[in-house]
Amino acid sequence: MTELTKLKGIGEKTAGALSRLGISCVEELLRYIPRDYEEFEAPKAIYELRPGRTEAVDCILRSDASVNRYNGMTIVNVNISDMAGRLQISWYNMPYIRQNLRAGAHYVFRGRVYEKNGRLIMGQPKLYRPEDFEKGYQGRLMPLYHLSSGISNKTVMKAVAEALGSEAMNSAGAEFLPEELRRKNGLMDESESIKRVHFPGSRKELSEARRRLCFDELLLFFLLQKKRKQLFTDKTSEYRCRPELRFLKMTADLPFELTTAQAEAVKTISRDMSSGRVMNRLLEGDVGSGKTIVAFLAMAYAAFCGYQAAMMVPTEVLAKQHYEKLLALIERQELPLRPVLLCGSMTASEKERIYGLIRSHEADIVIGTHALFQEKVEYDSLGLVVTDEQHRFGVSQREAMKQKGGLPHMLFMSATPIPRTLSMILYGDMDVSVIDKLPEGRLPIKNTVVGPGYRRNAYKFIYDEIKKKHRAYIVCPAIDAGDEDTGEGGSGERAGSKLIREGAASGGFAGAQELENVEDYAAKLGRIFPKEVRIGKLHGRMKSQEKEQVMQDFKDGRLDILVSTTVIEVGVDVPEATVMMIENAERFGLSQLHQLRGRVGRGQAQSYCIMINTSDKEEAAERLGIIRDSNDGFFIASEDLRLRGPGDLFGVRQSGEMGFEIADIYRDQALLGPAGDAAEEILASDPDIKAPGHEGLAKKLSLYMEKSYYV
Ligand code: ADP
Ligand code: MG
């Protein structure tokens with residue numbers, strides 16, 4: 001690991017700003033993949049300009065620029081025309097630019113184009129001398145990185161350029177794939193791909209660089225997946241469950257009738273647990289489909305059979321919620337079960353007490369956060385581990401396996417619907433159960449996609465809901481005004497480049513909207529809403545204790561509106577929340593929007609999802625139309641698959657899904673096969689990855705395991 005300050009031009013201050021982006025050394029900087037690129041296309045004729053895009057035109061001015069004043073702003077205008085069209089070019093509050101804009105001046109103007117009252121306008125463009133543009137910019141792709149306050153894209157670019165020339169590249173860019181494998185799959189070499197992913201000379205280069213880096217990631221993923229499969233396949237279980245009347249009775253006496261899909265899942269799971277082999281199952285179901293009760297039944301079954309069951313969830317709020325629901329169920333049915341809650345925030349003595357109960361088996365069901373598998377926790381006979389709302393990369397398995405005794409049964413629950421074709425490949429090491437229908441009688445969420453002009457109505461609507469004792473979420477893509485975007489994922493995803501950027505570096509004008517941010521938005525709402533409306537804030541830069549407190553306040557009704565980034569927790573049940581309003585909705589991926597929407601519609605009352613579309617691009621409207629017209633997560637996922645085909649280098653990426661950092665299961669579907677085959681071949685000839693020539697690969701793999709917490 002090389003310190004950032006070793007790089008030329010990087011002092012403590014920049015290093016500090018980089019560390020806020022999660023970059024703590026040069027090696028990590030090299031792997032800080034741009035979230036998007038700005039492409040400098042050749043200048044166009046006016047009739048070819050597309051509103052909503054950043055474009056370039058090349059022209060010689062016929063007359064001097066004019067200067068107008070409007071609403072306290074200075075506006076500099078030039079009008080240009082060619083045989084087939086007219087274009088107005090405007091600069092707001094940049095009076096000094098006028099001196100460059102004399103008749104006869106020849107420039108390439110590059111800026112965002114939009115339409116207003118039937119006129120084509122280019123806003124705030126940058127000026128280039130035509131020869132400079134052609135030589136220095138045209139055809140190039142400039143990287144755009146996730147940023148945060150205190151650091152500019154230019155600073156990151158310069159730091160990356162330094163890093164690429166530094167010694168750290170020797171290790172970070174070392175080739176680790178056998179020559180043969182690279183040739184067969186037509187892969188660029190490692191160091192070249194790192195260079196080119198930051199500074200591609202062309203689309204083709206970018207595509208090849210990304211292809212290589214995605215291949216790496218998928219190969220490691222499949223290597224682990226296949227090893228894991230060997231581990232689980234046909235393993236005799238030490239926790240074989242027997243038929244249990246109490247379990248059957250509990251299932252029959254639930255406060256509601258299970259849906260067919262739930263009942264089927266329960267049956268399959270209990271069959272797995274009594275089969276004599278270790279269960280390794282994924283339970284996939286849309287938000288609100290009722291996975292929790294299925295997990296409760298599985299845990300109860302294990303407990304009735306004399307084993308312990310542990311359920312791991314990402315946060316304490318969720319742990320408490322599950323614990324309370326289970327307790328209520330146990331009391332209602334007078335079940336002989338003894339659940340405990342175990343969270344990191346408990347006092348040491350309280351924890352000791354719980355550890356004791358677990359060790360002595362007085363507790364048979366344990367619900368908690370990562371605290372479940374702290375070293376001090378010793379289970380008497382842990383027969384089942386359930387992981388809720390986690391991507392498959394959870395610490396649960398590996399940690400569970402460190403426990404004494406054999407391999408426990410494993411049940412993973414995921415609320416991310418994935419098309420079946422992909423799910424078979426990505427979950428190839430597990431058995432899968434799908435809950436494909438929501439419980440009956442739920443009111444479908446009413447959706448609307450509107451422009452920013454609708455905000456006032458939305459606030460009025462929200463206020464009316466609050467008067468009915470309902471609550472509202474408002475999601476913004478950024479944390480504060482300095483943010484490019486947060487890169488925050490839902491459900492504990494690693495930060496990934498999930499958001500797109502509409503305009504270009506020269507945006508910030510009319511059509512190119514600023515991103516809404518949590519800080520300013522909450523302040524603004526404070527001014528708009530009457531005093532009695534209580535407004536809270538939630539984002540990823542808050543301490544986790546603070547976050548949990550805010551979430552709990554919202555859940556308990558001490559807050560009416562929660563302004564948040566996408567960190568709002570998956571799985572938290574706030575039945576009183578009836579409105580989900582999403583700002584800059586076009587910046588989110590479809591699945592992510594669907595997940596966010598799943599935070600409402602959990603109670604009896606009608607719920608609403610209001611998506612504010614600040615883009616004037618047609619694609620954005622089309623994508624949001626899909627979400628507006630369907631509440632079915634599997635359908636939305638299949639539409640995602642259709643819209644984001646291979647070769648789509650730009651635009652929304654939302655690979656939070658599987659916890660990948662670079663690869664996107666939709667965009668990079670074509671690589672899944674080859675990477676899987678390569679993993680198969682490697683393991684066939686070298687099952688433990690120890691052969692000469694595989695040293696680099698073995699090292700990568702162990703690093704990857706560390707990072708992914710994957711057995
Ligand atoms: P998720 O699959 O997103 O985890 P939950 O398990 O939290 O969903 O269930 C959502 C809500 O639906 C809960 O309030 C739960 O009690 C309720 N629920 C689950 N199954 C049924 C059912 N079969 N009939 C009616 N309500 C149900
Ligand atoms: Mg859930």
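Keep in mind the model is a prediction, meaning the values are calculated, not measured.

Analysis parameters
Residues numbered from 1 in each chain as written. Chains lettered and ligands numbered in written order. Predicted model: local features only at pLDDT ≥ 70, side-chain atom pairs only at ≥ 80, totals over all residues. Heavy atoms only, no water. Helix = DSSP H or I, 4+ residues; strand = E, 2+ residues; numbered from the N terminus. Rg over C-alpha atoms; globule rule 2.2 N^0.38 Å. Buried < 20%, exposed > 50% of the residue type's maximum accessible area, 1.4 Å probe, protein only. Contact = heavy atoms within 4.5 Å. Areas by Shrake-Rupley, 256 points an atom, 1.4 Å probe, with all protein chains shown as cover. Lys, Arg positive; Asp, Glu negative; His and termini not counted. Charge placed at Lys NZ, Arg CZ, Asp CG, Glu CD. Domains from an automatic or database assignment. Near = heavy atom within 4 Å. Polar contact = N/O pair within 3.5 Å; in protein donor to acceptor, adjacent residues only side chain to side chain. Nonpolar A, V, L, I, M, F, W, Y, C, P; charged D, E, K, R; others polar. Pairing = 2+ DSSP bridges. Expected span 1.5 Å × (residues − 1). Arc of directions from axis to C-beta. Core = buried A, V, L, I, M, F, W, Y, C linked by side-chain atoms within 4.5 Å. Salt bridge = Lys/Arg side-chain N within 4 Å of Asp/Glu carboxyl O. Axes fitted to C-alpha atoms, helices over the stretch in contact; angles between N-to-C directions.

Thoughts on the overall build of the protein
A tally of helices and strands in the protein yields 23 helices and 21 strands. Taking 27 Å as the expected radius of gyration for a compact globule of 711 residues, we find that the protein reaches 28 Å, a close match to that expectation. Taken along its principal axes, the extent of the C-alpha atoms in the protein is 90 × 70 × 45 Å. Here the protein holds 711 residues, and the buried ones make up 58% of them. Considering only intrachain contacts with a sequence separation of at least 6, the fraction spanning at least 24 residues in the protein is 75%. By element, 49% of the accessible surface of the protein is carried by carbon and sulfur atoms, the whole surface being about 30900 Å². The average position of the 99 basic charges and that of the 100 acidic charges among the side chains of the protein differ by 3 Å.

Some thoughts on the domain arrangement of the protein
What the domain assignment lists for the protein is domain 1 (41-139), domain 2 (241-275 + 289-414) and domain 3 (446-476 + 517-630). With centres defined by C-alpha atoms, the gap from domain 1 to domain 2 works out at 63 Å.

A closer look at the site of ligand 1
Lining the immediate environment of ligand 1, one finds 18 residues, of which Glu257, Gly288, Lys291, Thr292 and Arg442 sit closest. The backbone of Glu257 places a nitrogen or oxygen atom 2.8 Å from a nitrogen atom of ligand 1. Compared with its free state, where it exposes 570 Å², ligand 1 has 82% of that area covered by protein. Looking at side-chain class alone, the shell around ligand 1 contains four nonpolar, six polar and eight charged residues.

Some thoughts on the pairing of strand β17 (residues 471-475)
With five of five residues buried, β17 is to be regarded as a mostly interior element. Here β17 shows a buried face lined by Arg471, Tyr473 and Val475 and a second buried face lined by Ala472 and Ile474. Two strands pair when backbone bridges link them, and β17 and strand β20 (residues 577-582) are joined in this way by five bridges, in the parallel orientation. In the sheet register, Arg471 faces β20, and the bridge partner there is Ala577. Pairing of β17 with strand β19 (residues 561-564) involves four bridges; the strand directions are parallel.

With respect to helix α13 (residues 348-359)
In this model, α13 (12 residues) spans 16 Å end to end at C-alpha, consistent with the 16 Å of a helix rising 1.5 Å per residue. Taken as a whole, α13 has its buried residues at Lys351, Ile354, Tyr355, Leu357 and Ile358. Buried residues of α13, viewed axially, fall in a sector of 160°; they line one side. On the buried face of α13, the contacting elements are β10 (308-312), β11 (339-342) and β12 (365-368). Among the residues trailing α13, His361 stands out with phi positive, at a value near 70°.

Structural notes on the nonpolar core
Counting residues in hydrophobic clusters, the biggest one holds 169 residues, and the most contacted among them are Leu342, Leu384, Tyr473 and Ile582. Counting residues per element, this core draws most heavily on helix α8 (residues 203-232), which supplies 13 residues. No fewer than three residues from each of domain 2 (241-275 + 289-414) and domain 3 (446-476 + 517-630) sit in this core. Residue contacts for Leu384: discarding those within four places in its chain leaves Met273, Met279, Ala298, Met299, Ala302, Gln308, Ala309, Ala310, Pro408, His409 and Leu411. Among the nonpolar cores identified, the runner-up in size contains 21 residues, and Cys59, Val76, Ile97 and Leu120 belong to it.

Brief notes about the pattern of salt bridges
Side-chain pairing between opposite charges can occur once the charged atoms of the two side chains come close. As enumerated under the stated definition, the model contains 40 salt bridges in all. A salt bridge links Lys184 to Glu681; its shortest N-O distance comes to 2.8 Å. Residue Lys184 is located in helix α6 (residues 179-185), and its partner Glu681 is located in helix α22 (residues 669-685); the two are separated by 497 residues in the primary sequence. When its relative accessible area of 55% is taken as the criterion, Lys184 is described as exposed. Owing to a relative accessible area of 43%, Glu681 belongs among the partly exposed residues under this scheme. Residues Arg455 and Glu516 are paired through a salt bridge, measuring 3.3 Å at the closest nitrogen-oxygen approach. In this pair, Arg455 is assigned in helix α16 (residues 455-467) and Glu516 in the loop between β17 and α17 (518-528), connecting sequence segments 61 residues apart. Linked by salt bridges that have partners in common, Arg31, Glu175, Glu179, Arg182, Arg183, Glu190, Arg212 and Asp216 make up one network.

Side note on the sheet that holds β10
If you trace the seven strands from one edge of the open sheet to the other, you get β11-β12-β10-β13-β14-β9-β15, paired in parallel fashion. A single partner strand is all that each edge strand has here, and the edge strands are β11 and β15 (431-435). Strand after strand, the sheet turns through a mean of 20° between neighbouring axes, direction not considered. Sheet analysis places β10 next to strand β13 (residues 382-387), joined by five bridges and oriented parallel. The partner of Ala309 across the bridge, within β13, is Leu384. Helix α10 (residues 260-274) contacts β9 (280-285), β13, β14 (409-414) and β15 of the sheet and is inclined by roughly 160° relative to β15. The strands touched by α13 within the sheet are β10, β11 and β12, with β11 carrying the most contacts at an inclination of about 140°.

Details of the pairing of β13
Summarising burial for β13: six of the six residues are buried, a large majority. The pairing of β13 with β14 spans four bridges and is parallel. Directly across from Val385, in β14, lies its bridge partner Met410.

A word on unusual backbone geometry
Positive phi outside glycine occurs at Gln124, with the angle close to 50°. Positionally, Gln124 belongs in strand β7 (residues 119-128). You can call Gln124 buried: its relative accessible area is 17%. For Glu334, which is not a glycine, the phi torsion comes out positive at approximately 50°.

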